[in-house]
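Here are the chains, one letter per residue:
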Amino acid sequence: MSASKRDELVQKALKAFYRGGFHAMGMDALAKETGVSKTAMYKHFRTKEDLILAVLRLRDEQFRNWLIRRVEALADDPRGRLLAVFDALGEWFAEPEYRSCMFIKASSEYQDRAHPIHGAAAEHKRLLLAYFEKLARSAGAKEPEELARRILLIKEGAIVMAHLGDREAVAKSARGAAEDVVKAAGL
């Protein structure tokens, strides 16, 4: 399988796993969804879990790049960017194909903290926390680590609640909660 075919498989697998979950999407179903035979998949990925890890790496890159670009487009200063995170999330929640967070799903399906898939999900959240901490520090927060953790907690709760309920209302409420947390941090 060429590098471009491998990349195409990972892209298609990302969509299939996002829609159907990791355990529920067997290799037969994945072959059908992607149009790539199981034999061809196993030539490039030793196991289904190796493919899942490639999918998570791609999703991490895509999501963080998208979020950072949107936040920077929506606000000019670090304080505004902390809040713009929730405006960007509101846009994501409004997408018809929104199905919650792939990393939340991965960590719930692979609950053993020592498992590489669980670790990949945790790393994604750690990288988001680092980005929020950078914004909090740039905004002049007295306790940037704590503010970043609170922003991340609001974000994660919003993602879950948007999946379960009224996405627009959740986005507005999450932004309001973030405004309260940012104000309480003295910004």
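Nothing here was measured: the structure is a model prediction, and the numbers come from that model.

J.: Which residues make up the overall build of the protein, and what values go with them?
T.: Looking only at helices and strands, the protein features nine helices and zero strands. The order of helices and strands in the protein, counted from the N terminus, is α-α-α-α-α-α-α-α-α. At 18 Å, the protein has a C-alpha radius of gyration in line with the 16 Å of a compact globule built from 187 residues. With the C-alpha coordinates aligned to their principal axes, the bounding extent of the protein is approximately 55 × 30 × 30 Å. A burial count over the protein gives 43% of its 187 residues as buried.

J.: Outline the nonpolar core, listing residues and values.
T.: The nonpolar side chains of a soluble globular protein tend to be buried with one another. By size, the foremost hydrophobic cluster in this structure holds 64 residues, and its most contacted members are Phe 17, Leu 30, Leu 51, Trp 92, Phe 93, Phe 132 and Leu 147. Breaking this core down by element, the ones donating at least two residues are helix H1 (3–20), helix H2 (27–34), helix H4 (48–74), helix H5 (78–94), helix H6 (102–109), helix H7 (116–139), helix H8 (144–164) and helix H9 (167–184). With ten residues, H4 is the largest single contributor of residues to this core. Those residues in contact with Leu 147, other than ones at most four positions away along the chain, are Leu 82, Ala 136, Ala 141, Val 181, Val 182, Ala 185 and Leu 187.

J.: Account for the packing of H5 against H9, naming residues and giving values.
T.: Two elements in contact, H5 and H9, have axes whose closest approach is 9 Å; the angle formed by their N-to-C orientations is 170°. With respect to H9, the element H5 is oriented roughly antiparallel. Contacts between H5 and H9 involve Arg 79, Leu 82, Leu 83, Phe 86, Asp 87, Gly 90 and Phe 93 from the first element and Arg 167, Val 170, Ala 171, Ala 174, Arg 175, Ala 178, Glu 179, Val 182 and Lys 183 from the second. Here the contact of H5 with H9 is composed, by residue class, of nine nonpolar, one polar and six charged.

J.: Provide a residue-level description of H7, including the pertinent values.
T.: With 24 residues, H7 extends 34 Å from end C-alpha to end C-alpha; this agrees with the ideal 34 Å at 1.5 Å per step. For H7, the secondary structure elements touched by its buried residues are H4, H5, H6 and H8. Positive phi shows up at Gly 140, right after H7, with a value of about 95°.

J.: Explain H6 to me, and be specific about the residues and the numbers.
T.: Restricting attention to buried positions, one finds in H6 the residues Met 102, Phe 103, Lys 105 and Ala 106. Angularly, the buried residues of H6 cover 155° about the axis, an arc narrow enough to put them on a single face.

J.: I'd love a proper account of the side chain of Asp 60, names of residues and values included.
T.: As for its placement among the helices and strands, Asp 60 is situated in helix H4. For Asp 60, a relative accessible area of 12% corresponds to the buried category. Residue contacts for Asp 60: discarding those within four places in its chain leaves Phe 103, His 124 and Leu 127.

J.: I'd like a rundown of the pattern of salt bridges, residues and numbers included.
T.: If you walk through the whole model with that rule in mind, you get 17 salt bridges. The partner of Arg 19 in a salt bridge is Glu 33, with the nearest N and O atoms 2.2 Å apart. Here Glu 33 lies in helix H2 and Arg 19 lies in helix H1, a separation of 14 residues in the sequence. For Glu 33, a relative accessible area of 41% corresponds to the partly exposed category. It is possible to trace a salt-bridge network through shared partners that takes in Asp 87, Arg 175 and Glu 179.

J.: So, the side chain of His 124: which residues are in play, and what are the values?
T.: Relative to the assigned elements, His 124 resides in helix H7. Ignoring sequence-local partners within four residues, the contact set of His 124 consists of Asp 60, Phe 63, Arg 64 and Phe 103.

J.: Which residues make up the packing of H4 against H7, and what are the values?
T.: Where H4 contacts H7, the axes come no closer than 10 Å and their chain directions differ by 15°. Compared by their axis directions, H4 and H7 come out roughly parallel. Relative to H7, H4 is oriented so that their crossing is right-handed. Every residue of H7 that contacts H4 at Glu 49, Ile 52, Leu 53, Leu 56, Asp 60, Phe 63, Arg 64, Leu 67, Ile 68 and Val 71 is listed here: Pro 116, Ile 117, Ala 120, His 124, Leu 127, Leu 128, Tyr 131 and Phe 132. Considering only residue class, the contact of H4 with H7 consists of 14 nonpolar, one polar and three charged.

Quick notes on the rules
Residues numbered from 1 in each chain as written. Predicted model: local features only at pLDDT ≥ 70, side-chain atom pairs only at ≥ 80, totals over all residues. Heavy atoms only, no water. Helix = DSSP H or I, 4+ residues; strand = E, 2+ residues; numbered from the N terminus. Rg over C-alpha atoms; globule rule 2.2 N^0.38 Å. Buried < 20%, exposed > 50% of the residue type's maximum accessible area, 1.4 Å probe, protein only. Core = buried A, V, L, I, M, F, W, Y, C linked by side-chain atoms within 4.5 Å. Contact = heavy atoms within 4.5 Å. Axes fitted to C-alpha atoms, helices over the stretch in contact; angles between N-to-C directions. Parallel < 35°, antiparallel > 145°, perpendicular 65-115°, else oblique. Nonpolar A, V, L, I, M, F, W, Y, C, P; charged D, E, K, R; others polar. Expected span 1.5 Å × (residues − 1). Arc of directions from axis to C-beta. Salt bridge = Lys/Arg side-chain N within 4 Å of Asp/Glu carboxyl O. Left-handed = near helix turned anticlockwise from the far one by under 90°.

Just distances and angles here, no functional claims.
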